[in-house]
Amino acid sequence: MGNFSHAARWYDLSMEPSRDISRLIEIMARLRDPETGCPWDVEQTFATIAPYTIEEAYEVADAIERRDMVDLADELGDLLLQVVYHARMAEEAGDFAFGDVVEAITTKMIRRHPHVFGDRRVTGGKLAKGMWDQIKAQEKAEKAERKAAHGGDDSAPVSLLDEVPRALPALTRALKVQKRAATVGFDWDTAPPILAKIEEEIGELREALASGKQRDIADEFGDLLFAMVNLARHIDVEPESALDGSTEKFRRRFRHIEARLVERGTTPAAASLEEMETLWVEAKLAERAAKNHD
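It should be emphasised that the depicted structure is a prediction, and the values quoted were computed from it without experimental measurement. Position labels on residues start from 1 in each chain and follow its written sequence. Reporting in this predicted model follows two pLDDT cut-offs: at least 70 for local features of residues, and 80 or more for side-chain atom pairs to be given and counted; totals over whole chains, interfaces and linings ignore these cut-offs and use all residues. Side-chain metrics in this entry use all non-hydrogen atoms of the structure; hydrogen atoms and water are not considered.

**Topic: the confidence of the model for the protein chain**
At step 1: The predictor attaches a confidence to each residue, called pLDDT, with possible values from 0 through 100. Mean pLDDT over the protein chain: 87, with 87% of residues reaching 70 or higher.
At step 2: Considering only residues more than four positions removed or in separate chains, one finds that residues 1–10, a stretch of pLDDT under 50, has zero contacts. Between two residues, a contact is recorded if the distance between any of their heavy atoms is within 4.5 Å.

See below:
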């Protein structure tokens with residue numbers, strides 16, 4: 001009985017789980033209470049929480065990739081917590097509350113789909129996307145006006161590329177920057193000129209490697225990656241997904257090497273490069289045969 005009484009003192013029996021979003025908002029408010037909340041949660045800021053927000057989004061994507069619906073439900077909850085967390089901190093600062101976040105996104109979705117919630121009609125996904133982009137551009141102009149009305153600095157020059165977040169993964173950010181530049185015609189029309197650019201960048205990377213200057217090497221390597229992203233865009237390949245697929249392919253084949261070496265009573269560290277290369281080719285041929293069989 002003593003242990004139960006002790007538990008009852010620290011566990012608020014009125015704070016039970018719920019399917020209602022208001023309970024999660026209430027929990028966050030309690031956690032952030034300066035007097036009775038969690039010391040760690042009270043100390044957090046937008047900047048300290050942002051990395052967790054990004055991490056949770058990746059964990060959602062990972063659960064989807066694994067098709068694990070149990071994990072997906074859990075990870076979506078973690079991501080929702082991040083939204084509630086940021087909204088709570090904003091409410092404490094007097095900027096906005098969770099309800100404002102919900103109202104903003106519902107307004108946006110209704111406005112951007114007049115073919116669903118209004119009287120406009122479109123046929124086909126491309127036409128719907130074009131309408132979405134047109135409305136989004138109008139919203140962007142209106143947002144700039146609102147910021148100016150609230151004392152925002154409208155004297156500073158605004159770049160077409162400013163709204164691409166710096167925190168995005170590098171490949172995704174490069175893709176979005178290129179797409180935005182392409183909207184004003186700063187782009188190649190076809191893939192062949194980009195292939196020529198890639199060959200040019202490889203030549204410049206070779207020159208940098210010959211110079212031995214690490215700063216130049218990193219710079220030219222980045223240019224090569226940027227050109228590769230541009231090629232991916234023109235051949236309708238999502239670079240982040242393509243690289244992730246290649247990484248998984250590497251992992252599968254390396255695991256094959258490890259398993260085969262274990263069968264031989266050895267390890268990768270003890271095996272020669274030639275031996276591992278042979279097993280790599282073996283894994284590659286096995287994958288190809290399985291793919292052809294399918």
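**As for the side chain of Arg32**
At step 1: Secondary-structure assignment places Arg32 in the loop between helix H2 (21–31) and helix H3 (39–43).
At step 2: As used in this structure description, the phrase polar contact means that two N or O atoms lie within 3.5 Å; if the pair is within protein, one of them must be able to donate a hydrogen and the other to accept it, and residues adjacent in sequence are counted only when both atoms belong to side chains. Separated by 3.3 Å, the side chain of Arg32 and the backbone oxygen of Val42 make a polar contact.
At step 3: A polar atom in the side chain of Arg32 sits 2.6 Å from the side chain of Glu92.
At step 4: Not counting chain neighbours up to four residues away, the residues in contact with Arg32 comprise Asp41, Val42, Gln44, Tyr85, Arg88, Met89 and Glu92. In this text, helices come from DSSP runs of H or I with a minimum length of four residues, and strands from runs of E with a minimum of two, each type numbered from the N-terminal end.

**Focus on empty space enclosed by the protein**
At step 1: Of the two site types, the cavity is a set of points on a 1 Å grid over the protein atoms alone where a 1.4 Å probe fits but cannot get out, and the pocket is an open set with protein on both sides within 12 Å along at least five of seven lines, each lined by residues with an atom within 4 Å of a point. Grid points are joined across faces, edges and corners, and a volume is the space filled by probe spheres set on the points. Applying the stated criterion across every chain yields a total of one cavity of 30 Å³ or more.
At step 2: Within this model, the largest cavity holds a volume of roughly 40 Å³.
At step 3: The element that contributes the greatest number of residues to the lining of the largest cavity is helix H5 (residues 69–92), accounting for four residues.
At step 4: Taken together, the residues of the lining of the largest cavity break down into five nonpolar, no polar and two charged. Three categories are distinguished: nonpolar for Ala, Val, Leu, Ile, Met, Phe, Trp, Tyr, Cys and Pro, charged for Asp, Glu, Lys and Arg, and polar for the others, with Gly belonging to the last.

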